[in-house]
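Listed here are the chains, written in short residue letters.
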Amino acid sequence: PIEFGYRNKMEFSFGDEYKDGPLSLGLHKKGSTYDILNTDDCKLVHRDMTDILVCVREFFQEKKSSYYRKLQHVGYLRHLMLRRGVTSGEILVHLVTTSQEEYDLEPLKEQLLALELDGSIAGILHTKNDSVADVVKNEGTEVIYGDSYFYEELLGLKFKITPFSFFQTNSLGAEVLYETAREFILGDDKDSLNGKTVYDLYSGTGTIAQLMAPVCKEVVGVEIVEEAVCAAKENAALNGLDNCKFIAGDVLKVLDEIEEKPDYIILDPPRDGIHPKAIGKIIEYGVENMVYISCKPTSLARDLQIFMGRGYRVEKICCVDMFPNTYHIETIVALHRTDL
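The structure presented is a predicted model; accordingly, all values stated were derived computationally and were not measured.

## Remarks on the overall build of the protein
Part 1: Tallying secondary structure elements over the protein gives eight helices and 16 strands in all.
Part 2: Scaling as 2.2 N^0.38, a compact globule of 340 residues should have a C-alpha radius of gyration of about 20 Å, and the protein matches this with 22 Å.
Part 3: Overall size of the protein, expressed as C-alpha extent along the three principal axes, is 70 × 40 × 35 Å.
Part 4: Within the protein, the fraction of its 340 residues that count as buried is 52%.
Part 5: Taking the 37 positively charged and 55 negatively charged side chains of the protein as two groups, their mean positions are separated by 5 Å.

Below you can see the structure in the form of structure tokens.
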């Protein structure tokens, strides 16, 4: 629905644009592990995010703060994570540093709250992360201002968004994606899942599960990220849905533990697709229909080959451009099996 400024989440890195250059805050230079380019005019994010990024960078430039050097494992500043609700305009500002230095962040808070933004800052957070890996890891989070969450609305449902929970990065595109997936599942028969149990595997914050809950007996969501599962349970309660069950764990292991047998399976795995052993277990349930949502076509092609080799055929396929101005695409596939 919108071509620019559509991303509701960005993870920026601190560094320098060239060796021993001034502090920069933005994205990695293409093909480079270390060079960080200032992104003061990124067309993929709302202007609010850019204004916040510039404010944070200038604050720490003035303090002459150090950034974390990955090879030496020394330095303070690591990442700036920003999330902005498209429907609510609420923003989470999330600073990630090591514990190697200490700063009074109260002046930064005041500067951020003084910015003239289209939206409003719902929370300012500070997470300490001393792990060697170059990923955002929560080793203790302090709420400097406001809350550690905000709410986003999709297709009439409310979703609580927390710093580490998974949520589609394009909220308005997600509405198109999930509406299309729901049409694939229900087709013209809105009662097709009435009285049936649906598995939503790799369920994230439970978006698809909650969209399907009103038209089926029970939805069982499985997700490995515990925080996302907690958010999914809260979201289901928030939306008055009592037939959603969410389980935290690896799909491969959880499938052995669930007693309910599914009548329908929805798959929305991470970029690398489904573990080959998990595919085997999914196929063994012998469900007639499945929907596979994928954000990486090569993983999808590999997994579809396995499903098709075991009796499934592709009934429908649709691509949704969730990532305008990039080569990435989301794909929805309806799978059907007739030899049961």
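## Remarks on the packing of aromatic side chains
Part 1: Applying the stated criterion across every chain, the model contains 10 aromatic pairs.
Part 2: Geometrically, the ring pair formed by F307 and Y312 is edge-to-face, given 6.0 Å between the ring centres and 85 degrees between the ring planes.
Part 3: Residue F307 is classed as buried on the basis of its relative accessible area of 0%.
Part 4: Judged by relative accessible area, which is 3%, Y312 ranks as buried.
Part 5: Above the plane of the ring of Y151 lies K158, whose end atom (NZ or CZ) is 4.9 Å from the centre.
Part 6: Taking the ring centre of Y149 as reference, the NZ or CZ of K160 above it sits at 4.2 Å.

## Some remarks on the side chain of T205
Part 1: Along the polypeptide, T205 turns up in the loop between β10 (197-201) and α4 (207-212).
Part 2: Apart from residues lying up to four places away in sequence, T205 is in contact with F159, S165, F166, F167, Q210, A228, A231, A232 and N235.

## As for unusual backbone geometry
Part 1: Backbone geometry places K64, a non-glycine residue, at a positive phi of 55 degrees.
Part 2: Here K64 shows up in the loop between α1 (47-63) and β4 (77-84).
Part 3: The phi angle at H73 is positive, at roughly 60 degrees, despite the residue not being glycine.
Part 4: Position of H73 among the secondary structure elements: in the loop between α1 and β4.

## Topic: the pattern of salt bridges
Any two side chains of opposite charge can pair, so long as their charged atoms come close to each other.
Part 1: Tallied over the full model, the rule gives 14 salt bridges.
Part 2: A salt bridge links R57 to D40, with the nearest nitrogen and oxygen atoms 2.8 Å apart. Taken together, the residues R57 in helix α1 and D40 in the loop between β3 (36-38) and α1 connect sequence positions 17 residues apart.
Part 3: Given a relative accessible area of 6%, R57 falls into the buried group.
Part 4: By relative accessible area, which is 31% here, D40 ends up partly exposed.
Part 5: Put simply, E106, K109 and E110 are held in one network by salt bridges that share partners.

## Details of helix α7 (residues 276-284)
Along an α-helix, a turn takes 3.6 residues, which lines up residues three or four apart on a common side.
Part 1: Taken together, the buried positions of α7 are occupied by A278, I279, G280, I282 and I283.
Part 2: Remark: G286 follows α7 within two positions and exhibits a positive phi of approximately 65 degrees.

## As for the pairing of strand β8 (residues 150-154)
Part 1: Only one face of β8 is covered, namely the face carrying F150, E152 and L154; the face carrying Y151 and E153 is uncovered.
Part 2: Here β8 runs beside strand β9 (residues 157-161); their pairing, made up of five bridges, is antiparallel. Within the sheet, the bridge partner assigned to E153 lies in β9 and is K158.
Part 3: Counting the residues that bridge the hairpin from β8 to β9 gives two residues, and of these L155 lies at a positive phi of roughly 50 degrees.

## Concerning the sheet that holds strand β16 (residues 330-337)
Sheet strands associate in pairs through backbone hydrogen bonding, adopting either a parallel or an antiparallel arrangement.
Part 1: Overall, mixed pairing links the seven strands, which are arranged β12-β11-β10-β13-β14-β16-β15 in an open sheet. The open sheet has two edge strands with one neighbour each: β12 (244-248) and β15 (312-320). Averaged over all neighbouring strand pairs, the angle between strand axes comes to 15 degrees, with direction disregarded.
Part 2: Note: β10 against strand β11 (residues 218-223), five bridges, orientation parallel.

## A word on the pairing of β11
Part 1: The buried fraction of β11 is high, at six of six residues.
Part 2: Going residue by residue along β11, you find E218, V220 and V222 tucked away on one face and V219, G221 and E223 tucked away on the opposite face as well.
Part 3: In this fold, the crossover linking β10 to β11 by way of α4 has right-handed handedness.
Part 4: Judged from the five bridges that link them, β11 and β12 form a sheet pairing that is parallel. Directly across from G221, in β12, lies its bridge partner F246.

Criteria and cut-off values
Residues numbered from 1 in each chain as written. Predicted model: local features only at pLDDT ≥ 70, side-chain atom pairs only at ≥ 80, totals over all residues. Heavy atoms only, no water. Helix = DSSP H or I, 4+ residues; strand = E, 2+ residues; numbered from the N terminus. Rg over C-alpha atoms; globule rule 2.2 N^0.38 Å. Buried < 20%, exposed > 50% of the residue type's maximum accessible area, 1.4 Å probe, protein only. Lys, Arg positive; Asp, Glu negative; His and termini not counted. Charge placed at Lys NZ, Arg CZ, Asp CG, Glu CD. Phe/Tyr/Trp six-rings, centres within 6.5 Å; stacked < 30°, edge-to-face > 60°. Lys NZ or Arg CZ within 6 Å of the ring centre and 35° of its normal. Contact = heavy atoms within 4.5 Å. Salt bridge = Lys/Arg side-chain N within 4 Å of Asp/Glu carboxyl O. Pairing = 2+ DSSP bridges. Axes fitted to C-alpha atoms, helices over the stretch in contact; angles between N-to-C directions. Right-handed = clockwise from strand over helix to strand, strands pointing away.

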